Amino acid sequence: QVQLVESGGGLVQPGGSLRLSCAASGSIGSIFAMGWYRQAPGKQRELVATFTSGNNTNYADSVKGRFTISRDNAKNTVYLQMNSLKPEDTAVYFCNAGVRGLGSLRILPYWGQGTQVTVSS
């Protein structure tokens with residue numbers, strides 16, 4: 001079994017910053033395509049930022065230039081640095097990873113439980 005645990009959410013004023021972390025643990029063979037999604041009330045879950053093949057990154061247009069995704073492979077952890085936050089960034093942020101378990105040939109998607117980010121004055 002694999003677990004993804006997010007941390008770092010909270011309440012911040014517009015223009016402020018937050019850093020989210022997501023640590024993967026469990027029976028991990030390899031991790032692929034680790035990244036962040038978000039879901040605002042009444043809206044569908046959307047991609048925020050993710051690593052694709054190799055070290056390539058993909059960002060939603062709405063966060064380009066403000067958010068930065070990074071990772072520490074040794075710690076199986078991905079980060080999301082969020083700067084210049086706006087009220088429209090308010091959402092539950094979810095970590096996602098494609099993981100091949102130990103001894104397995106299949107790559108399965110895993111989700112964290114989510115962390116709330118609220119941008120408000």
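Values in this document were obtained by computation on a predicted structure and should not be read as measured data.

Participant: Please clarify how the sheet that holds strand β1 (residues 2-7) should be interpreted in this entry.
Facilitator: To summarise the sheet geometry, strands pair through backbone hydrogen bonds and adopt either a parallel or an antiparallel arrangement. The antiparallel open sheet is built from four strands, whose spatial order is β1-β3-β8-β7. Each end of this open sheet is capped by a strand with a single partner; those strands are β1 and β7 (67-72). Averaged over all pairs of adjacent strands, the angle between their axes in this sheet comes to 15 degrees, without regard to strand direction. The pairing of β1 with strand β3 (residues 18-26) spans six bridges and is classified as antiparallel. Bridge pairing in β3 places V5 opposite A23.

Participant: What is the right way to look at the pairing of strand β5 (residues 46-51) in this model?
Facilitator: Side-chain positions along a regular strand alternate between the two faces of the sheet. With four bridges joining them, strand β4 (residues 28-39) and β5 adopt antiparallel strand pairing. Residue R38 lies in a different strand from β5, and its bridge partner there is E46. In this antiparallel pair of consecutive strands, β4 and β5, the connection spans six residues, and G42 shows a positive phi of 80 degrees. Where β5 lies against strand β6 (residues 57-59), three bridges are found, and the strand directions are antiparallel. Counted as the bridge partner of A49 is Y59 from β6. The antiparallel pairing of β5 with β6 creates a hairpin that spans five residues between the two strands, and G54 there sits at a positive phi of about 60 degrees.

Participant: Looking at this model, I keep getting lost on the side chain of T115. Mind explaining?
Facilitator: Take T115: it is sitting in strand β11 (residues 115-119). At 3.3 Å, the side chain of T115 and the backbone nitrogen of G9 are in polar contact. The residues touching T115, leaving out its near neighbours within four places in the chain, are E6, G8, G9, L20, A91, V92 and Y93.

Participant: I tried to follow the packing of aromatic side chains on my own but got confused; where do I start?
Facilitator: One pair of aromatic rings is described through two measures. These are the centre distance and the angle between the planes. The full count for this structure, using the stated rule, is two aromatic pairs. The interplanar angle of 70 degrees and the centroid separation of 5.1 Å between the aromatic rings of Y37 and W111 together place this pair among those described as edge-to-face. Placement of the pair is Y37 in strand β4 and W111 in strand β10 (residues 107-111), with a sequence separation of 74 residues. Since its relative accessible area comes to 21%, Y37 is described here as partly exposed.

Rules and cut-offs
Residues numbered from 1 in each chain as written. Predicted model: local features only at pLDDT ≥ 70, side-chain atom pairs only at ≥ 80, totals over all residues. Heavy atoms only, no water. Pairing = 2+ DSSP bridges. Helix = DSSP H or I, 4+ residues; strand = E, 2+ residues; numbered from the N terminus. Axes fitted to C-alpha atoms, helices over the stretch in contact; angles between N-to-C directions. Polar contact = N/O pair within 3.5 Å; in protein donor to acceptor, adjacent residues only side chain to side chain. Contact = heavy atoms within 4.5 Å. Phe/Tyr/Trp six-rings, centres within 6.5 Å; stacked < 30°, edge-to-face > 60°. Buried < 20%, exposed > 50% of the residue type's maximum accessible area, 1.4 Å probe, protein only.

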